[in-house]
Amino acid sequence: MTRDDAPGHVLVVGATGVLRPAAAELARRGHRVSALARRPGPLARLAREWGGAGGAARARARGRGRPGAGGAAAAPPPRPGPPAPGLPELLAAARHAAGPFTGALLYCPDAPAEAVAGLLRAVGTGGPAVLLLTSAWAAPGAGQPPFPAARRLLLGWAAGPGGPRWHTPAEISAGALARFEGPPGDGLLGVVRPWAERPA
Ligand SMILES: NC(=O)c1ccc[n+]([C@@H]2O[C@H](COP(=O)([O-])OP(=O)(O)OC[C@H]3O[C@@H](n4cnc5c(N)ncnc54)[C@H](OP(=O)(O)O)[C@@H]3O)[C@@H](O)[C@H]2O)c1
């Protein structure tokens, strides 16, 4: 095993959603994976699943009904109790438990820019940070997508014989892992034109 493909500590936001297959694959390969999400239930299920799969799941919920990486709060109001830790505390705890981050896969389309910036800072020069952007960034007149220093993967749609469709979590995860392991730079999954054919 070379130094470059040695297992490390990968931060995954979206591991309870479209990046679930990617996070599981990283854990299977022996990486320590810290998953960050807003909903504790799916995170707990993920941690149980990874328990026997090699690697270590470090699932960190920000607290019931609270935003994880700074996104909108989920519907139920927070229960009374100790305040949920903030993003810097969660990231510090993950580093304390599993070492410095050696990379990240980030899908958090609703998170404010400062939260995404904090996630990218947490990885710093430790390794590749892949940021998944939704096709809204390719809309006519949308402007330049943010965070040019990250490896940005623009999520388009699949155009096949059956007509345009959104990608599956397996397809999105495979695209994210390819960006993670490939040379630096941005990528596009699928197509974003003609815009009128974007799936509903
Ligand atoms: N271009 C494409 O083809 C494309 C793109 C996207 C999605 N899709 C399809 O659409 C379906 C639903 O997509 P979705 O956008 O709802 O994605 P999703 O991946 O099912 O859900 C979002 C994921 O990101 C996490 N997340 C989001 N914001 C967060 C934040 N602020 N802090 C921490 N974690 C955060 C969520 O966890 P918490 O909610 O617990 O925080 C969850 O794991 C997918 O299953 C996929 O099939 C297709």
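Residues numbered from 1 in each chain as written. Predicted model: local features only at pLDDT ≥ 70, side-chain atom pairs only at ≥ 80, totals over all residues.

What to know about helix 3 (residues 87-98)
Next, step 1: The end-to-end C-alpha separation of helix 3 is 16 Å, in line with the 16 Å expected for 12 residues at 1.5 Å each.
Next, step 2: Listing the buried residues of helix 3 in full gives Leu 87, Leu 90, Leu 91, Ala 94 and Ala 98. Taken around the axis of helix 3, the buried residues stretch over an arc of 95 degrees, which confines them to a single face. Of the exposed residues in helix 3, the ones pointing more than 90 degrees away from its buried face are Pro 88, Glu 89 and His 96. (Helix = DSSP H or I, 4+ residues; strand = E, 2+ residues; numbered from the N terminus. Expected span 1.5 Å × (residues − 1). Buried ≥ 20, exposed ≤ 12 C-beta atoms within 10 Å, placed from the backbone. Arc of directions from axis to C-beta.)

Notes on the nonpolar core
Most often, soluble globular proteins keep nonpolar side chains buried together rather than apart.
Next, step 1: Core analysis: the biggest nonpolar cluster contains 47 residues, and Leu 11, Val 12, Ala 23, Ala 104 and Leu 106 have the highest contact counts within it.
Next, step 2: Residues contacting Val 12, with those up to four places away along its chain left out, are Leu 19, Ala 23, Val 33, Ala 35 and Leu 105. (Core = buried A, V, L, I, M, F, W, Y, C linked by C-beta atoms within 7 Å. Contact = placed C-beta atoms within 7 Å.)

A short note on the pairing of strand 6 (residues 151-155)
Next, step 1: Most of strand 6 is tucked away: 5 of the 5 residues are buried.
Next, step 2: Of the two faces of strand 6, the one lined by Arg 151, Leu 153 and Leu 155 and the one lined by Arg 152 and Leu 154 are each fully buried.
Next, step 3: For strand 5 (residues 129-133) and strand 6, the ladder comprises 4 bridges, and the chain directions are parallel. Its bridge partner being in strand 6, Val 130 is matched across the sheet by Arg 151. (Pairing = 2+ DSSP bridges.)

Things to note about the packing of helix 1 (residues 20-28) against helix 5 (residues 169-181)
Next, step 1: In the contact formed by helix 1 and helix 5, the axes pass within 7 Å of each other and the chain directions differ by 55 degrees. With respect to their mutual orientation, helix 1 and helix 5 come out oblique. Each of Arg 20, Pro 21, Ala 22 and Glu 25 in helix 1 lies in contact with helix 5, whose residues at this interface are Pro 169, Ala 170, Ser 173, Ala 176 and Leu 177.
Next, step 2: Grouping the amino acids of the contact of helix 1 with helix 5 by side-chain chemistry returns 6 nonpolar, 1 polar and 2 charged. (Axes fitted to C-alpha atoms, helices over the stretch in contact; angles between N-to-C directions. Parallel < 35°, antiparallel > 145°, perpendicular 65-115°, else oblique. Nonpolar A, V, L, I, M, F, W, Y, C, P; charged D, E, K, R; others polar.)

Considerations on the pairing of strand 4 (residues 103-106)
Next, step 1: Burial of the side chains of strand 4 extends over both faces: Gly 103 and Leu 105 are buried on one face and Ala 104 and Leu 106 on the other.
Next, step 2: Sheet analysis places strand 1 (residues 9-13) next to strand 4, joined by 4 bridges and oriented parallel. Bridge pairing in strand 4 links Leu 11 to Ala 104.
Next, step 3: For strand 4 and strand 5, the ladder comprises 3 bridges, and the chain directions are parallel. Across the sheet, Leu 106 pairs through a bridge with Leu 131, a residue of strand 5.
Next, step 4: On the question of chirality, the crossover connecting strand 4 to the parallel strand 5 by way of helix 4 (residues 113-123) is right-handed. (Right-handed = clockwise from strand over helix to strand, strands pointing away.)

Topic: helix 5
Next, step 1: Over its 13 residues, helix 5 extends 18 Å from the first C-alpha to the last, a length consistent with the 18 Å expected when each residue adds 1.5 Å.
Next, step 2: Within helix 5, the full set of buried residues consists of Ile 172, Ser 173, Gly 175, Ala 176 and Arg 179. The buried residues of helix 5 all sit within an arc of 160 degrees when viewed along its axis, so they share a single face. The exposed set on the far side of helix 5, more than 90 degrees from its buried face, consists of Ala 170 and Glu 181.
Next, step 3: Lining the buried residues of helix 5 we find helix 1, strand 4, strand 5, strand 6 and strand 9 (187-189).

Some points on the environment of His 31
Next, step 1: With respect to the element layout, His 31 can be found in the loop between helix 1 and strand 2 (32-37).
Next, step 2: Looking at His 31, the number of C-beta atoms within 10 Å reads 22, which means it is buried.
Next, step 3: As a C-alpha pair, His 31 and Thr 102 span 71 residues in sequence and 9.6 Å in three-dimensional space.

With respect to unusual backbone geometry
Next, step 1: Backbone torsion omega between Arg 193 and Pro 194 reads -5 degrees, so that peptide bond is classified as cis.
Next, step 2: Despite not being glycine, Phe 147 shows a phi value in the positive range, around 60 degrees.
Next, step 3: Tracing the backbone shows Phe 147 in the loop between strand 5 and strand 6.

Considering the confidence of the model for the protein
Next, step 1: Here the protein averages 85 in pLDDT, while 80% of its residues score no lower than 70.
Next, step 2: Across residues 63-79, where pLDDT falls below 50, the model places 42 contacts with residues more than four positions away in sequence or in other chains. (pLDDT = per-residue confidence, 0-100.)

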